[in-house]
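# Reading the structure
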Amino acid sequence: MYKIYLHKGDLNEATSFYLEIIKSALIRRGKTVEVTFSLNALSAEDFVITIQAKAFAEVWLRNRKQKIINWYQGIVPEEAMCTFEGSISKYGRYLFWNFLEILALKKALGNIFVSDAMLVHYRHKYKYSKDNFFIMPCFNQELKLSSFSEKKYSVPSFVYAGSLSRWQCIDKTLFLYGKIKKHLPNATLTILTKEIERAKNLCKQYGVEAVVKFIPSIELQDELCHYKYGFIVRDDIAVNNVATPTKMNSYMAAGVIPVYSDVVADFKKVFHDLNYVISFKKIDEAIDKILHIEKIGIDCNLMKLEYKKVFDTYYSVDNYVEPLGRFLTK
């Protein structure tokens, strides 16, 4: 039997969607699969799937002959250095997670990465040279073509959805929007976050007017359908280089044009020839591209075709289920 072993905090909207793909892939191959939060539920004969290196280590230390496949959602040592940048504990966390990643990469029966760049990272950092890997980006939404409308695209409405963590670059986002507003006085900004008071204070700090509100995750996609542009601003660091943020998938699924920093390696390859995405290295580049779209307008039919192509390939469950099933059961 295949068992997915999770820690209590492992499940969220994105991981739940991903795990459903894994379960579907196994069921199509005629396998039985169940989710468990207990090590005691694992038998020696089980194939175990973990979604982080710490969980992998727990299973492996319990039974070093256990067949385990691990999914790497991010490069956790580097994430720890960012999350705890003001604390000396970041060095201990970095070394701890380095050890866990090395162990998982060395001992796992198979490894699932979220990007080609993540594979390159592990090749370079740990000299990982095996071919026991599968690559699938993070995504959790299907394309909603009804959200593409001439009316929505008639005004420059901007949205930011997410937390206000430093790595999400909310400060740079507000600074960028402030510059955009000077060129487009009719532009609007909506911030969708749980941290309402902090968001309002940041808006005051940057002299930005914005609607700030919280939308439950189950309603978020319907809310995003009302906006034209969506911000994904990131720093050019390893954590972001190897990531495939689900926010890109969420925006595009809702017909929102992503305005994103050109630092995600996979996005450079997948979206480089699209007319209706705005990647930028510098603020002036973002502004110029937005003003160009505002000047010439949007061809809704072309935009639908472009996004549909992406969702028929890169963001398609069907594109991954069969090969993932073969990978998990070989």
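Whatever comes next refers back to the structure up there.
All residue numbers refer to positions counted from 1 along the written sequence of the respective chain. Only residues with pLDDT of at least 70 get local features here, since the model is predicted, and only at 80 or more are side-chain atom pairs given and counted; chain-wide, interface and lining totals rely on the full set of residues. Where side-chain values are given, they derive from all heavy atoms of the structure, hydrogens and water being excluded.

## Brief notes about the nonpolar core
Let me state the cut-off plainly: Note on terminology: a nonpolar core comprises buried Ala, Val, Leu, Ile, Met, Phe, Trp, Tyr and Cys residues joined through side-chain atoms within 4.5 Å. Each residue gets one of three labels from its accessible area relative to the maximum for its type: buried under 20%, exposed over 50%, partly exposed in between, using a 1.4 Å probe on protein chains only. Every residue pair with non-hydrogen atoms within 4.5 Å of one another is taken to be in contact.
If you look at the biggest cluster of nonpolar residues, it comprises 114 residues, and the most contacted ones within it are Ile-22, Phe-231, Met-252, Phe-271, Tyr-315, Leu-324 and Leu-328. Sequence-distant contacts of Met-252, that is, excluding residues within four places in its chain, are made with Leu-143, Phe-148, Pro-258, Phe-271, Leu-274, Val-277, Tyr-307, Val-310, Phe-311 and Tyr-315.

## Remarks on a positive patch on the surface
The following threshold applies: Each patch is built from salt-bridge-free residues with over 30% relative accessible area, joining like charges within 9 Å and nonpolar side chains (Val, Leu, Ile, Met, Phe, Trp, Tyr) within 5 Å. Each accessible area value is a Shrake-Rupley result obtained with a 1.4 Å probe; residue values ignore everything except the protein chains displayed when judging cover. Within this document, salt bridges are pairs made up of a side-chain nitrogen of Lys or Arg and a carboxyl oxygen of Asp or Glu, the two lying within 4 Å of each other. For the purpose of charge, His is not counted, nor are the chain termini; Lys and Arg are scored as positive and Asp and Glu as negative. In this description, the location of a charge corresponds to atom NZ of lysine, CZ of arginine, CG of aspartate or CD of glutamate.
Together, Arg-64, Lys-106, Lys-107 and Lys-130 make up a region of like positive charge exposed at the surface. For Arg-64, a relative accessible area of 58% corresponds to the exposed category.

## A closer look at helix H4 (residues 89-107)
Which entries qualify depends on this criterion: Each helix corresponds to a stretch of at least 4 residues labelled H or I by DSSP, and each strand to a stretch of at least 2 residues labelled E; elements are numbered beginning at the N terminus. Expected span, for any helix, means 1.5 Å times one less than how many residues it has.
With 19 residues, H4 extends 27 Å from end C-alpha to end C-alpha; this agrees with the ideal 27 Å at 1.5 Å per step. Along H4, the positions that sit buried rather than exposed are Lys-90, Trp-97, Asn-98, Leu-100, Glu-101, Leu-103, Ala-104 and Leu-105. Considering only its buried residues, H4 is in contact with helix H2 (53-62), strand E4 (67-72), helix H3 (76-83), strand E5 (110-113) and helix H5 (116-126).

## With respect to a nonpolar patch on the surface
Together, Leu-11, Val-35 and Phe-37 line one region of the surface with nonpolar side chains, adding up to about 220 Å² of accessible area. Take Val-35: it is sitting in strand E2 (residues 33-36). The class of Val-35 is partly exposed, set by a relative accessible area of 34%.

## Examining the sheet that holds E2
For sheets, the rule is that strands pair by backbone hydrogen bonds, running either parallel or antiparallel. Quick reminder of the rule: In this scheme, strands are said to pair when DSSP sees at least two bridges between them. Axes, fitted as lines to C-alpha atoms, cover a helix only where it is in contact. Angles between the N-to-C directions of the axes lie from 0 to 180 degrees.
Overall, parallel pairing links the six strands, which are arranged E2-E1-E3-E4-E5-E6 in an open sheet. This sheet does not close on itself; its edge strands, each paired only once, are E2 and strand E6 (133-135). Ignoring which end each strand starts from, the neighbouring axes of this sheet average 20 degrees apart. One ladder, built from four bridges, connects strand E1 (residues 2-5) with strand E3 (residues 47-50); its direction is parallel. Paired with Tyr-5 across the bridge in E3 is Thr-50. Against the sheet, H2 contacts E1, E3 and E4, and its axis sits at roughly 170 degrees relative to E4.

## Some points on the packing of H3 against H4
Each packed pair of helices is defined by two parameters, the angle between the axes and the distance between the axes. Definition in use: Working definition: roughly parallel below 35 degrees, roughly antiparallel above 145 degrees, roughly perpendicular at 65 to 115 degrees, and oblique for all remaining angles. Ten residues, namely Ala, Val, Leu, Ile, Met, Phe, Trp, Tyr, Cys and Pro, are considered nonpolar, four, namely Asp, Glu, Lys and Arg, are considered charged, and the remaining ones, Gly among them, are considered polar.
H4 packs onto H3 with a crossing angle of 170 degrees between their chain directions and a minimal axis gap of 8 Å. In terms of their interaxial angle, H3 and H4 are classed as roughly antiparallel. Contacts between H3 and H4 involve Val-76, Pro-77, Glu-78, Ala-80 and Met-81 from the first element and Lys-90, Tyr-91, Arg-93, Tyr-94, Trp-97, Asn-98 and Glu-101 from the second. Class assignment for the residues of the contact of H3 with H4 results in seven nonpolar, one polar and four charged.

## Side note on the side chain of Asn-132
Under the convention used in this document: Whenever two N or O atoms come within 3.5 Å, that pair is a polar contact, provided that in protein one can donate a hydrogen and the other can accept it, and provided that, for residues adjacent in sequence, both atoms are side-chain atoms.
By secondary structure assignment, the location of Asn-132 is in the loop between H5 and E6. On the accessibility criterion, Asn-132 (11% relative accessible area) is buried. Here Ala-108 takes part through its backbone oxygen, which lies 3.2 Å from a polar atom of the side chain of Asn-132. At a separation of 3.3 Å, a polar atom in the side chain of Asn-132 contacts the main-chain carbonyl oxygen of Leu-109.

## As for unusual backbone geometry
Most of the time, phi is negative for any residue but glycine, and the peptide bond is trans. Even without glycine at this site, Lys-127 takes up a positive phi of about 60 degrees. Note that Lys-127 resides in the loop between H5 and E6. Assessed through its relative accessible area of 61%, Lys-127 is described here as exposed. Residue Cys-169 is not a glycine yet carries a positive backbone phi of 60 degrees. Considering the arrangement of structural elements, one finds Cys-169 in the loop between strand E7 (157-161) and helix H6 (170-183). Given the relative accessible area of 4%, Cys-169 is considered buried.

## Examining the pairing of E5
In plain terms, the rule: Here is how to tell: hold the view so the strands point away, follow the path from the first strand over the helix to the second, and if it runs clockwise the crossover is right-handed.
Burial along E5 is two-sided: the residues Gly-110 and Ile-112 and Asn-111 and Phe-113 are all buried. Pairing of E5 with E6, which is carried by three bridges, proceeds in the parallel orientation. By the bridge assignment, Ile-112 is partnered in E6 with Phe-134. Note that the unit made of E5, H5 and E6 has a crossover that is right-handed.

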